[in-house]
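If you want the building blocks of each chain, they are given just below.
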Amino acid sequence: MWSDDVTHLPGRDAWDDAHRALSDGPRVRMVSSAARMAGVEPGMTLTAARAAVEDLDLRPWDDRVIARAVTRVTAQLVALSPQVTAATSAPGVWWIGASGFEKLGGERTLLKRLLALAQKYHPSSRVASADTCIAAHVATMLRWPSGRSAHLVPPGGSARLLRRAPLTLIPMDDELRAALSALGITTAGAMAALPAGEVERRWGDEGLRAWRLVQGQDDRRPVLAVISAAAAVTVELPDPVTSLEPVLFLLTPALERLVRDSARKGEAIAAVVLTLMLDRAAPHELLVALARPVARAAPLFDQCRAALEGCTLAAAVRALAITVREAVPLPDEQGDLLRATWRDPAAMEGVFARLRAGLGIDAVVRPLLRDRGHRIEDRAAWADAPADGVATAPPATTASTRLLTPPVPVAVRRRHGRPAAIRWEGRRWVVTHAIGPEHLAGAWWDQAFDREYWHCDTPRGSVLLYHARGTGRWWVEGWND
Amino acid sequence: MTHMYSELHAHSCFSLLDGASTPESMVKRAEKLGYRALALTDHNEMGGAVRFAEAAREAGLAGILGAELTVSWDDELTHLTLLAESREGYGNLCQLITKSRLGMPRGEPAVTLETLAAHTRGLFALTGCLRGRVPALVARGEEAAARDAAAHLMEIFDRRLAIECWDHGLEEERAIVPALHRMARSLDVPWVVTNDAHYALASESRTHDVLTALRHEQTLGEMGSRLRPNGEWYLKHPAQHARRWQQDTAGLRASVEIAERCTFRLEQMRPALPDFPLPPGVAADEYLGRLIAQGARERWGSQITEAHRRQLVHELGMIRRLGFAGYFLIVWDIVRFARREGILCQGRGSAANSAVCYCLGITAIDPVAMELLFERFLSEDRHEAPDIDLDFAHQERERVIQYVYQRYGREHAAMVCEQITWRGRSAVRDAARVLGYSTQQADALAEVADRYSARETGKVLQDGQDGQDGRGTLVDGQQSTVNSQRSTVDCQPSTVDRIATALHDLPRHRSIHVGGFVLTREPLSTVVPIEPASMPDRTVIQWEKDDLDPVGLVKIDLLGLGMLTALQECLHTIRRTRGVSLDLATIPHGDMAVYDDLCRADTVGVFQVESRAQMNTLPRLKPRCFYDLVVEVALIRPGPIQGDMVHPYLRRRAGKEAVTYPHPALEPILKRTLGVPLFQEQGMQVAITAAGFTPGEADTLRRAMGHKRSHERMAAICEKLIEGMKRNGIPEATAQKIFNQINAFADYGFPESHAASFAILVYASAYLRHYYAPEYLAAMLNAQPMGFYSPGTLTEDARRHGVEVRGVDLVHSSWHSTMEPGAQGPAVRLGLRTVRGLGARAREILEVGAAKHAYATVTDVVHAGLDRRTLRALAEAGAFDGMFPGEPAANRRRSALWAVLAAERGAAGPLAPPGESPRPARLPPMSRVELTEADYRMTGLSLAGHPMSHLRDWLRRNGIPTVAEALEVASRGSRVTGHETRDPRPATVVVAGLVICRQRPHTAKGFVFVTLEDETGMLNVVIPPTVFERQRLLIAGSPLLMVRGELQVEGLVVNVKAEECEAIDAEAGRHAKSHDFH
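Predicted model, so just to flag it, every value in this text is computed and none were measured. (Residues numbered from 1 in each chain as written. Chains lettered and ligands numbered in written order. Predicted model: local features only at pLDDT ≥ 70, side-chain atom pairs only at ≥ 80, totals over all residues. Heavy atoms only, no water.)

Draft legend 1. Structural detail: the pairing of strand 20 (residues 474-480) of chain A. Residue and element names in this part refer to chain A. For strand 20, the tally of buried residues reaches 5 of 7 residues, placing the bulk of the element in the interior. Where strand 14 (residues 401-415) and strand 20 come together, 6 bridges link them in antiparallel fashion. The residue of strand 20 that forms the bridge with P409 is W475. The antiparallel pairing of strand 19 (residues 461-468) with strand 20 creates a hairpin that spans 5 residues between the two strands, and G472 there sits at a positive phi of about 80°. (Buried < 20%, exposed > 50% of the residue type's maximum accessible area, 1.4 Å probe, protein only. Helix = DSSP H or I, 4+ residues; strand = E, 2+ residues; numbered from the N terminus. Pairing = 2+ DSSP bridges.)

Draft legend 2. Structural view of the side chain of S813(B). All names here are of chain B. Locating S813 in the fold gives a position in the loop between strand 15 (804-806) and strand 16 (818-822). Residue S813 is classed as buried on the basis of its relative accessible area, which comes to 2%. In terms of polar contacts, S813 uses its side chain to reach the backbone carbonyl oxygen of L830, at 2.7 Å. Sequence-distant contacts of S813, defined by excluding residues within four places in its chain, comprise G807, V808, R829, L830, G831, L832 and A850. (Polar contact = N/O pair within 3.5 Å; in protein donor to acceptor, adjacent residues only side chain to side chain. Contact = heavy atoms within 4.5 Å.)

Draft legend 3. Region of interest: the interface of chain B and chain A. Facing the 45 residues of chain B at the interface are 35 residues of chain A. Linking chain B to chain A there are 1 salt bridge. Taking the shortest distance from any N to any O, the salt bridge between R868(B) and E175(A) comes out at 3.1 Å. Seen at the junction of chain B and chain A, the total is 14 residue pairs in polar contact (both at pLDDT 80 or more). For the side of chain B that touches chain A, the secondary structure elements donating two or more residues are helix 7 (171-187), helix 8 (205-216), helix 9 (220-223), helix 18 (439-446), helix 20 (478-488), helix 21 (493-503), helix 39 (868-876) and helix 40 (889-904) of chain B. (Salt bridge = Lys/Arg side-chain N within 4 Å of Asp/Glu carboxyl O.)

Draft legend 4. Highlighting the sheet that holds strand 9 (residues 388-393) of chain B. Residue and element names in this part refer to chain B. Strand order across the open sheet formed by 7 strands is 8-9-14-11-10-13-12, with mixed pairing between neighbours. In this open sheet, the two strands that pair with only one neighbour each are strand 8 (345-348) and strand 12 (530-532). Neighbour to neighbour, the strand axes of the sheet diverge by 45° on average, direction disregarded. Sheet topology note: the strand 8/strand 9 ladder contains 4 bridges and is antiparallel. Its bridge partner being in strand 9, G347 is matched across the sheet by L390. (Axes fitted to C-alpha atoms, helices over the stretch in contact; angles between N-to-C directions.)

Draft legend 5. Fine view of the packing of aromatic side chains. Residues and elements named next belong to chain B. Across all of its chains, the model carries 22 aromatic pairs over all chains by this definition. Note on Y327 and F328: the rings are 5.8 Å apart at their centroids and 90° apart in plane angle, and the pair reads as edge-to-face. With a relative accessible area of 0%, F328 lands in the buried category. Through successive ring pairs, a cluster of aromatic residues spans Y327, F328, F374 and F377. Sitting over the face of the ring of W245, R244 holds its NZ or CZ atom 4.1 Å from the ring centroid. The aromatic ring of Y405 is capped on one face by R410, whose charged end is 3.9 Å from the ring centroid. (Phe/Tyr/Trp six-rings, centres within 6.5 Å; stacked < 30°, edge-to-face > 60°. Lys NZ or Arg CZ within 6 Å of the ring centre and 35° of its normal.)

Draft legend 6. Highlighting helix 35 (residues 773-782) of chain B. All names here are of chain B. Across the 10 residues that make up helix 35, a large majority, 10, are buried. Looking only at helix 35, the buried set comprises A773, P774, E775, Y776, L777, A778, A779, M780, L781 and N782. In this structure, the buried residues of helix 35 make contact with helix 23 (562-578), helix 34 (752-771), helix 36 (791-800), strand 15, strand 16 and strand 17 (825-829).

Draft legend 7. Structural view of the packing of helix 10 (residues 196-214) of chain A against helix 40 of chain B. Two elements in contact, helix 10 of chain A and helix 40 of chain B, have axes whose closest approach is 7 Å; the angle formed by their N-to-C orientations is 65°. Relative to helix 40 of chain B, the element helix 10 of chain A lies roughly perpendicular. Handedness of the helix 10 of chain A/helix 40 of chain B crossing: left-handed. For the pair helix 10 of chain A and helix 40 of chain B, the contacting residues are E198(A), R201(A), R202(A) and W203(A) in the first and W898(B), L901(B) and A902(B) in the second. (Parallel < 35°, antiparallel > 145°, perpendicular 65-115°, else oblique. Left-handed = near helix turned anticlockwise from the far one by under 90°.)

Draft legend 8. Looking closely at the confidence of the model for chain A. Overall, the prediction assigns chain A a mean pLDDT of 78, with 80% of residues at 70 or greater. For the stretch residues 1-5 of chain A, pLDDT sits under 50, and the model shows 21 contacts to residues farther than four places along the chain or on other chains. (pLDDT = per-residue confidence, 0-100.)

Draft legend 9. Structural context of the sheet that holds strand 19 of chain A. Judged by pairing direction, the sheet is antiparallel, and its 7 strands sit side by side in the order 16-15-14-20-19-18-17 (chain A) without closing on themselves. The open sheet terminates on both sides in strands that have one partner only, identified here as strand 16 (427-430) and strand 17 (433-442) of chain A. Each strand axis lies, on average, 35° off the axis of its neighbour in the sheet, ignoring direction. The pairing of strand 17 of chain A with strand 18 (residues 449-458) of chain A spans 8 bridges and is classified as antiparallel. Paired with A441(A) across the bridge in strand 18 of chain A is D450(A). Strand contacts of helix 7 of chain B: strand 17 and strand 18 of chain A, with the helix running at about 130° to strand 17 of chain A, the strand carrying the most contacts.

Draft legend 10. A look at the environment of V528(B). All names here are of chain B. Its place among the elements puts V528 in the loop between strand 11 (507-519) and strand 12. Spatially, the C-alpha atom of V528 lies 26 Å from that of R133, the residues being 395 residues apart in sequence. Not counting residues within four places of it along the chain, the set of residues in contact with V528 comprises Y90, C94, T98, I541, Q542 and W543.

Draft legend 11. A look at unusual backbone geometry. The omega angle of the peptide bond from T405(A) to P406(A) is -5°, so this bond is cis rather than trans. For the bond running from G436(A) to P437(A), omega is 0°, close enough to zero to count as cis. By secondary structure assignment, the location of P437(A) is in strand 17. With phi around 45°, N44(B) is a residue other than glycine that occupies positive phi space. When you line up the elements, N44(B) lands in the loop between strand 1 (37-43) and helix 2 (49-59). Backbone geometry at D537(B) places phi at a positive 65°, although glycine is not the residue there.

Draft legend 12. Seen up close, the packing of helix 6 (residues 143-156) of chain B against helix 7 of chain B. Residue and element names in this part refer to chain B. Contact geometry of helix 6 with helix 7 gives a least axis separation of 11 Å together with a crossing angle of 45°. When the interaxial angle is binned, helix 6 and helix 7 end up oblique. For the crossing formed where helix 6 meets helix 7, the hand is right-handed. Residue-level contacts link E143, A146, R147, A150, A151 and M154 of helix 6 to A179, R182, M183, S186 and L187 of helix 7. For the contact of helix 6 with helix 7, a count of residues per class yields 7 nonpolar, 1 polar and 3 charged. (Nonpolar A, V, L, I, M, F, W, Y, C, P; charged D, E, K, R; others polar.)

Laid out in structure tokens, this is it:
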């Protein structure tokens, strides 16, 4: 199923959306060709970059934009080859399976089509085809005398191609790279000429890994990107693994995504299939059926984990796909969330899931104490409710202040400087007792305030007033239970 | 009514990061509000006491000294306000603060209740702020416990206690005040109102917020309720207090009554110096007289004249009348210790005006021979202690410092502190930090802050924002930089401006003064609190140098001077390797070969005269005698430069301008400087001679013109000077001209005595460099960091002078650079310390190993315990080369690194064969360029060739001459014209070199000076402001530069005035470091 031939398509500063993603906070993450020619390099500080190009167009790095663009390009590439993998460490780089195209015009035709497609996104895109990922990658990075943007490395030609490649193109540990540079070893060929034992003796596994790459020995292969209407998530591991831990690490977000997608459709998950794609071996499937449909990732994860722990595999795992086998409608009971006696976790979970799916992830919140200042509204906030359980409210105190958000303007009549009566929404409230003033001021660097607070008892209850010293206006901020 | 209230609890900015106003502004505000008294109660701190006391005295305000002490009470840190009623109380307070600082970890001062109880005499206590033990217990509802705590305080303070109450408009305070009142009544002690002020004005609460955020290392937005809830902690009008406490005014009356009890003022204190141990029955004056008599015989022998005797009698008389004999004996003792220990030392500054100091061996200049004015050093009119500055070989100074501690005891000796205040950069960075900007944004804003005070920086940023152009402080193009930096930062600079301005002049942290020591007879901790310094084995007082004079504390400056270290080592090496015994006094004087070097400005590495500006002056001044060196040292100073005295002097010296005097009466004073006043003493002598000032008045004039000028004092003294000159028949216009001339340089120039002290070192260093160049180079390298030039430039210069320099080699090198027999005389072997980035641990290992010659193979070194980074650095620096004698030189470093990498990972197992890894067949040899690049990267210097030498072929093909060739062209032009004047037809040249120095002096109106170096020499480039602004980044950042410009020749002085610069991109020069914008 997997091809020995891979095509590498780099468009480092390729597509339009990603082009805006130039900087990550204070440092430049990616640069356009024009900026690069003017001396801007990835990793530069913004100050240094601006110093190099006065009118530099800086755009904030946006992972969502990048991900969207990658997905869009991936989808286009899948039309040309069934094996497409977006390189996670380098946006704008794809590994594409290139075997089995003999009847479709061969690799050259594929390269042409890929290049034509890529050049829609960036005119300087380059593609190369080779036996190994490393050779394909190097082939796209080398400057060819003919100036071609597509290059086909003949079968068995990887080692030869790599021989003259600069060592900077070979991925390796920085310390190893620096040591090799100090030794005058600057090309992959020079490193390949070192005896493997001597390399291992000095740099251990890391050295050997790099040494294998310069020899043209690269185990990496593109995987199949599944574009399907079925609820499924496919996750590729950076390297084949033989332990469960990295698989579980990737399983959690994948399940969360599935649960979220299902909830959006008003469904709870009843069964999933885990497909473990193995290195040079047939995929291994596991069915996980739940006793009760769920709209939370945690119980699903526990079941999947138990299933994975119980299986023995013939080879290392390269990728993991999770597909929803069975889904049922979510319970539609609304429930009274404010009624303390209402205690149906499953129903509440369903309600929360549907609220989140319909109104957005921030729709369900819980109260949280915080310290943003001395004002009463600075002392608490609404926070995201835990996605996998019912929020626990802070213990109620005997005297709680209910806040009005925003505060309501009122007219206040004073006597001897103290509030005597309040006119609020057309009604007059007589103040029988007033405690204050308490002076609170601050936040001058942001939205300054300067207030005098009064706790006022009225026949209709106790209200919290404040007098804004800057404007002279009065506001009701809340009432006391 | 306005006198009904005195503030007894107030913090200044010396409550570091918790007080937002200077002591002076607190006093000013209190005076304006009509307070009779104000107490300064900083947190465990008396750092602002002198400034506060001085300001209060001048304002006629009762300045009460106190502190808010942190007391550890039942394992809880609580606050207690203490006020000094008497001298004894003040001493106790200082001791309590000292104990709180010395007995606790740095930054966490506190005393125990037992310690407090032992030092309460003379102190009045207030129960403190909400963090006080008593109010804190009340707030927790433990009223009975609070009453017990108050009763305990009442007992240990013998009823000198008041219950402190406050109102900052907060519920939690108002809730406990009634309980505090009840407690005061039940204990029968007063309750007193304070405002616990932390700033003078309400508007400064914002500064306090900023400081609080800095203290917590958080942004303002993250601080939450850790900031104070409002801005009520300011010095309030008594009427405000009266309004608040109108129901019961007892607390206000108590504030006045307590203030009246506290009668101690700082000026009542007169600490004395420790008694110098004297022979039985001999007084200090007598003993000093004996030493002077002996010293005079040693110094002058039979040459002693009546003038010498008269001077000594004059000085000794004044010393006796002022009671300073003990001080001179103490300084003499320190110098005697240094000499005994072989530590090179020399007095500098105005002490060299004293014949007594000369006879005691403290200074090396004969003030009688040089006709130096003693009153510049010591004056009866000044009522101040003398100030003697001693320079020691800087690597040995710590021994001297520890000797002083040991000799007088840590109870009586400590170093002076330095309050580090916010400057432009730090203010902008901290402002950006508390506002939550990124480090990069802060850096971008800070770039405009260089050289400015915090306030000026605020103005510069504000101007940029308002779109106004420079205020005179900005040089051409600077405004565009401000705006450019502003555009880089997406922030609200106006907030940054305001914060930066608010931080102006506030202390940020405390550091140790460069060398100031104070000694007292009484325990020093009863005079001023002492605290541990950041350096081990050092203690500092909480006062800085300007605080000492008002309280009569005497300071001795024990300074470190790198050149003395270099000279000391050079003299030792010469003695050891050549058997020639020299010292500073026996170096042959008047050697014309040495003066020839100086005339040629061949002075790289020579003390004081190696800078670009000095090198430009030397060929014009052409020094031929010692006094010329004195002039040379004094000439290139801000004073003479700003006073426009340099060129007139040089023109007169060259005979191009007639020597004239403002008035014939001034000829004797100004004759030796050709009618141009250069020294501070000359200014004073002019006042004495022309205006009839006494020596003391003349010194007052000098001080009035000093750094901290007061307009009122200046106006008064100007009038007096001009009046005096008019009385002596000098026309007013001439008098005004003379005044202007003196005024122009006054305190910014050197005293003649100081210049003379330095001139001794100039000559000594030039002499040793001329005759003992290898030893001198080794000594200079070992004394690093010091001086003007990098080790690379020093080495290049020495090699051009024929010194053989050998590379770092683990087989042959010691930690320091050493001497080896060379082909033609001694050769310098670079020390292992030359390799960059070797840490303290590496030094420890290598120093011992190299001394034992323990390194013969790579395995020896690897097994010594060095880490991988160090081993790699040594290999890349070529330190293993000696272990690969069979290899071609170009292969050795890589072979070494290959072997090191293998050996460093250890053997494969217990049965693995011993020995080094076989060398791989195909490690490429290093090219010369690679060798140079590696040398500069690892050591900052190269013996494999100057970076420019690798570009020579390319440069030659493009017609670019070497520096030597450019100088030759210049010299030919000069010879052709036959003058030592500027060639009327300046040639355009292109020169290229490694940038070894960049300067942009304040005095140069935006001109930038760059020194280029190649394998043949050095050349100065002058870059006009327009060129610099156009190519700012290129000029400021490129290690190798090519410059096209006009060749300017004036005698032996050659400069290129740049028109266009271009960076040269060459690997070999990438790691060279320039001495930039110091």
